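The primary structure of each chain is shown beneath.
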Amino acid sequence: MRIDLISIFPEFFDVLDLSLIGKAQREGLLSLHRHQLRDFSFDKHRSVDDTPTGGGAGMVMKPEPWALALEHVLTQRQAPEASAADQPSTLIIPTPAGEVLTQRTAQELAQAQHLVFAPGRFEGIDQRLMDWAPEHFQVRPMSIGDYVLNGGESAVVVMVEAITRLIPGVLGNPESLAEESHADGLLEYPVYTKPARWRGLEVPEILLSGDHAKIGAWRAQQQDIRTRKLRPDLWAKHVVAREQNLA
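All figures in this text were calculated on a predicted structure; none of them were measured in a lab.

Conventions we followed
- Residues numbered from 1 in each chain as written.
- Predicted model: local features only at pLDDT ≥ 70, side-chain atom pairs only at ≥ 80, totals over all residues.
- Heavy atoms only, no water.
- 1 Å grid on protein atoms, 1.4 Å probe; cavity = no way out; pocket = protein on both sides within 12 Å on 5 of 7 lines; lining within 4 Å.
- Points joined across faces, edges and corners; volume = space filled by probe spheres on them.
- Helix = DSSP H or I, 4+ residues; strand = E, 2+ residues; numbered from the N terminus.
- Nonpolar A, V, L, I, M, F, W, Y, C, P; charged D, E, K, R; others polar.
- Expected span 1.5 Å × (residues − 1).
- Buried < 20%, exposed > 50% of the residue type's maximum accessible area, 1.4 Å probe, protein only.
- Arc of directions from axis to C-beta.
- Contact = heavy atoms within 4.5 Å.
- Polar contact = N/O pair within 3.5 Å; in protein donor to acceptor, adjacent residues only side chain to side chain.
- Pairing = 2+ DSSP bridges.
- Axes fitted to C-alpha atoms, helices over the stretch in contact; angles between N-to-C directions.

Caption draft 1: Region of interest: the layout of surface pockets. Taken as a whole, the second largest pocket spans an internal volume of roughly 500 Å³. Lining the second largest pocket are 26 residues, with Pro94, Thr95, Pro96, Gly120 and Gly124 positioned closest to its centre. Of all the elements in the fold, those that place two or more residues in the lining of the second largest pocket are strand S5 (90-100), helix H4 (127-132) and strand S7 (138-143). The leading source of residues in the lining of the second largest pocket is S5, at 4 residues. Taken together, the residues of the lining of the second largest pocket break down into 14 nonpolar, 9 polar and 3 charged.

Caption draft 2: Region of the structure containing helix H8 (residues 232-246). Between its first and last C-alpha, H8 extends 21 Å over 15 residues, near the 21 Å set by a 1.5 Å rise per residue. Regarding H8, the residues found buried are Leu234, Trp235, His238 and Val239. Seen along its axis, H8 keeps its buried residues to an arc of 140°; they face one direction. Of the residues in H8, the exposed ones pointing more than 90 degrees away from the buried face are Lys237, Glu243 and Gln244. For H8, the secondary structure elements touched by its buried residues are helix H7 (212-230).

Caption draft 3: The side chain of histidine 35, seen in detail. Mapped onto the fold, histidine 35 is located in strand S2 (residues 31-36). A distance of 2.6 Å separates polar atoms of two side chains, one belonging to histidine 35 and the other to aspartate 4. Ignoring anything within four residues of it in the chain, the contact list for histidine 35 reads Asp4, Leu5, Ile6, Ser7, Pro10, His72 and Val73.

Caption draft 4: Spatial organisation of the sheet that holds strand S6 (residues 114-117). Strand order in the open sheet made by the 5 strands is S2-S1-S6-S5-S7, with parallel pairing throughout. Each end of this open sheet is capped by a strand with a single partner; those strands are S2 and S7. The mean angle between the axes of side-by-side strands here comes to 30°, regardless of whether they run parallel or antiparallel. Across 3 bridges, S5 lies against S6 in parallel orientation. Pairing of isoleucine 92 across the sheet is with phenylalanine 117, part of S6. Strands strand S1 (2-7), S2, S5 and S6 of the sheet are contacted by helix H2 (residues 63-76), whose axis makes an angle of about 160° with S1.

If you want it as structure tokens, here you go:
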């Protein structure tokens, strides 16, 4: 997978060179490219924003630097990345107005060959960029939650980590993907390690039994209990999906 990150703060994404994502890049499972948006602005101040048309507070990012940057990114996509049939590049624009990122969405995007992230700043990007982009990309406006950040870079880091960890080979033990929270619509069961007794608190006895069938049943029960208690919204969706599958 190739990922292009465009920002006025491309160094924000240096964190993605760490840990498993950094290792995935070194092993050739993932190629990650940063671009400075100001390189596509040609006035003496390299400005990428202007006052909002119609008045109002703040500044709005101009569409032309973004369009030039995105066109540049498309020219950089080379074979074999571009040879994956006719799959278009996917442009993800962080915005509170976008679809909320879920585990299912991350699984879908992990199948893509080319993702481009365009995190805005200030009051956002001129709407005309969103109107222009579908001619060149599969556009996915996306949110990580119902709150506002100073810029979209933090959201991009979250999205990239959620997506790339699902690429085959990125995680050392792929079985962990099947057991973690949200993999099946439920929260993960509680986990423990040694020692069996710590500060007066003990590991549940069933986990020390060695009976893997009983341990599996206990963990499944704990998933139900934790999801009902901590995320009733997820539990309600799970119940509906289960009833539909049984119908």
